[in-house]
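Inside the fold
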Amino acid sequence: MSQLRFEPLHEDFGARVRGVNLTTYLSDEVVEEIREAIDTHSLLCFPEQPMNDDAHLAFTRRLGEPEPEHVTFGKTGEIVYLGSVGNVVDKDTKRDNADPRTHYQKANEMWHSDSSFRLIPSFVSITHAYEVPGEGGATEFVSMRAAYARLSDELQVAIDPLHVIHDYVFSRTKVAPVDPNHAASLPPIENRLVRTNPRNGRKNYYVGSHARSIVGWSGIDSRKLIDDLNERATRSQDVYAHQWKVGDTVIWDNRCLLHRGGGYDADRWRRLMRQTRVVGAGPTLAEPPPNSKQQL
Ligand code: OGA
Ligand code: MN
């Protein structure tokens, strides 16, 4: 009998999960239940987790291979698996709004899917909240699975075979210059536009801020379609805004969700979250091609 208890967070996706301490060694059955819940709910929030970096990485490894944090890897070649989100330096110091690194994180306020610009994009991100602002600082999520289901049959059929270039330098340079070594480590890559969940057959389109152009299309037509798909996915009524509480560990499925930071006043507040990502199953072009007749 399962120990996990689920409560929905939004009508399209998301669940709060109680009844498990992620910092303990989990049975294979519980890990499998969490994997299945990721496929079903796309976003899982586990409240009141007594997390630390070692436990965070150990839990990440239960879900798959941790992804090297790309900023550090690109700039220095060093592999680290935990990244920090927010403005905290140490217990006495934080970065304020004027700090370039605070500004750099503003790019997270565009709708995106983490690591969609990698040849093997991320499966999930796992983020734990250690310090949260008294005001602001929510992370907003939408489901590209629900958005795909809302498209007309004709539009679904039209977009199913398309491929999309995702490019980190394209999206980031809208906000701040990218370090040349970092840029060199992340050339543009090609993804499927439509992806299928291997367990339940649910389909979604896969766009976000890193999506630059449709392969074989003109720039203007590419941007029209990508902007349209981004807008259709991110209508305000479809958003779940996660207001973090200290102790929340949140897993989100980067294959089918978009998210963005809601922003906060870094002059007033401290915000510290730690994040790992799990590597996806392979390049999206190696996934089975979508077949709209076979939707479950
Ligand atoms: C992230 C992210 C947005 C935020 O952690 O991957 O995009 O709320 N965060 O800071
Ligand atoms: Mn992100």
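Just so it is clear, the structure is predicted and the values come from calculations on it, not from any experiment. (Residues numbered from 1 in each chain as written. Chains lettered and ligands numbered in written order. Predicted model: local features only at pLDDT ≥ 70, side-chain atom pairs only at ≥ 80, totals over all residues. Heavy atoms only, no water.)

Re the packing of helix H1 (residues 28-41) against helix H2 (residues 53-63)
A packed helix pair is summarised by two numbers, namely the angle formed by the two axes and the spacing between the axes. H2 packs onto H1 with a crossing angle of 75° between their chain directions and a minimal axis gap of 10 Å. Of the possible angle classes, the one that applies to H1 and H2 is roughly perpendicular. Contacts from Asp28, Val31, Ile34, Arg35 and Ile38 in H1 reach Phe59, Arg62 and Leu63 in H2. Of the residues that constitute the contact of H1 with H2, the class distribution is 5 nonpolar, no polar and 3 charged. (Axes fitted to C-alpha atoms, helices over the stretch in contact; angles between N-to-C directions. Helix = DSSP H or I, 4+ residues; strand = E, 2+ residues; numbered from the N terminus. Parallel < 35°, antiparallel > 145°, perpendicular 65-115°, else oblique. Contact = heavy atoms within 4.5 Å. Nonpolar A, V, L, I, M, F, W, Y, C, P; charged D, E, K, R; others polar.)

Digging into the nonpolar core
Counting residues in each nonpolar core, the largest one holds 22 residues, and the members touching the most others are Ile34, Leu44, Leu63 and Ile251. Looking at this core, the elements that each hand over two or more residues are strand E2 (15-18), H1, strand E3 (43-46), H2 and strand E5 (122-131). With 5 residues, the top contributor of residues to this core is H1. Apart from the residues lying within four places of it in its own chain, the contact partners of leucine 44 are Phe6, Ala15, Val17, Ile34, Ala37, Ile38, Thr249, Val250 and Ile251. Of all hydrophobic cores here, the second largest spans 21 residues; its members include Leu151, Val164, Tyr205 and Leu225. (Core = buried A, V, L, I, M, F, W, Y, C linked by side-chain atoms within 4.5 Å. Buried < 20%, exposed > 50% of the residue type's maximum accessible area, 1.4 Å probe, protein only.)

A short note on the coordination of the manganese ion (ligand 2)
Only His112 (NE2), Asp114 (OD) and His259 (NE2) from the protein coordinate the manganese ion (ligand 2), and they sit 2.1 to 2.2 Å from it. Ordering the donors of the manganese ion (ligand 2) by residue number gives the pattern H-x1-D-x144-H. The same class applies to histidine 112 and to aspartate 114, which are both buried. (Donors = N, O, S within 2.8 Å, 3.2 Å for Na, K, Ca; no water.)

Some points on H1
For H1, spanning 14 residues, the distance from its first C-alpha to its last is 20 Å, which sits close to the expected 20 Å at 1.5 Å a residue. Within H1 the residues assigned to the buried category are Val30, Val31, Ile34, Ala37, Ile38 and Asp39. For H1, the secondary structure elements touched by its buried residues are strand E1 (5-8), E3, H2, E5, helix H5 (144-150) and strand E13 (249-253). After H1 finishes, the residue serine 42 shows a positive phi value of roughly 70°. (Expected span 1.5 Å × (residues − 1).)

Examining the sheet that holds E1
Taken together, 7 strands build an open sheet; the order of strands is E1-E2-E3-E13-E5-E15-E4 and the sheet is mixed. Every interior strand has two partners, whereas the edge strands, E1 and strand E4 (83-86), have only one. The sheet shows a mean angle of 25° between the axes of neighbouring strands, taken without regard to direction. The sheet contact formed by E4 and strand E15 (residues 272-279) spans 4 bridges and is antiparallel. Directly across from glycine 83, in E15, lies its bridge partner glutamine 275. The strands touched by H1 within the sheet are E1, E2, E3, E5 and E13, with E3 carrying the most contacts at an inclination of about 130°. Along the sheet face, H2 touches E5, E13 and E15 and points at about 160° away from the line of E5. (Pairing = 2+ DSSP bridges.)

Description of the site of ligand 1
Taken together, the neighbourhood of ligand 1 is formed by Val85, Asn108, His112, Asp114, Ala138, Thr139, Trp252, His259, Gly261, Arg271, Gln275 and Arg277. One of the side-chain nitrogen or oxygen atoms of histidine 112 is found 3.1 Å away from an oxygen atom of ligand 1. In this structure, histidine 259 approaches ligand 1 through a side-chain N or O atom, which is 3.1 Å from an oxygen atom. When ligand 1 is considered free in solution it has 290 Å² of accessible area, and contact with the protein chains removes 96% of it. Those elements giving two or more residues to the shell around ligand 1 turn out to be strand E14 (257-261) and E15. (Near = heavy atom within 4 Å. Polar contact = N/O pair within 3.5 Å; in protein donor to acceptor, adjacent residues only side chain to side chain. Areas by Shrake-Rupley, 256 points an atom, 1.4 Å probe, with all protein chains shown as cover.)

Side note on the packing of aromatic side chains
Under the defined criterion, the tally for this structure stands at 2 aromatic pairs. Between arginine 172 and the ring centre of tyrosine 104, over which it is positioned, the NZ or CZ distance is 5.0 Å. In this structure, arginine 195 packs its charged tip against the face of tyrosine 206, placed 4.5 Å from the ring centre. (Phe/Tyr/Trp six-rings, centres within 6.5 Å; stacked < 30°, edge-to-face > 60°. Lys NZ or Arg CZ within 6 Å of the ring centre and 35° of its normal.)

Re the layout of surface pockets
Quantified by volume, the second largest pocket comes out at close to 390 Å³. Forming the boundary of the second largest pocket are 23 residues, of which Arg195, Pro198, Arg255, Ala281 and Glu287 lie nearest the centre. Counting residues per element, the ones that place at least two in the lining of the second largest pocket are H1 and strand E9 (194-196). (1 Å grid on protein atoms, 1.4 Å probe; cavity = no way out; pocket = protein on both sides within 12 Å on 5 of 7 lines; lining within 4 Å. Points joined across faces, edges and corners; volume = space filled by probe spheres on them.)

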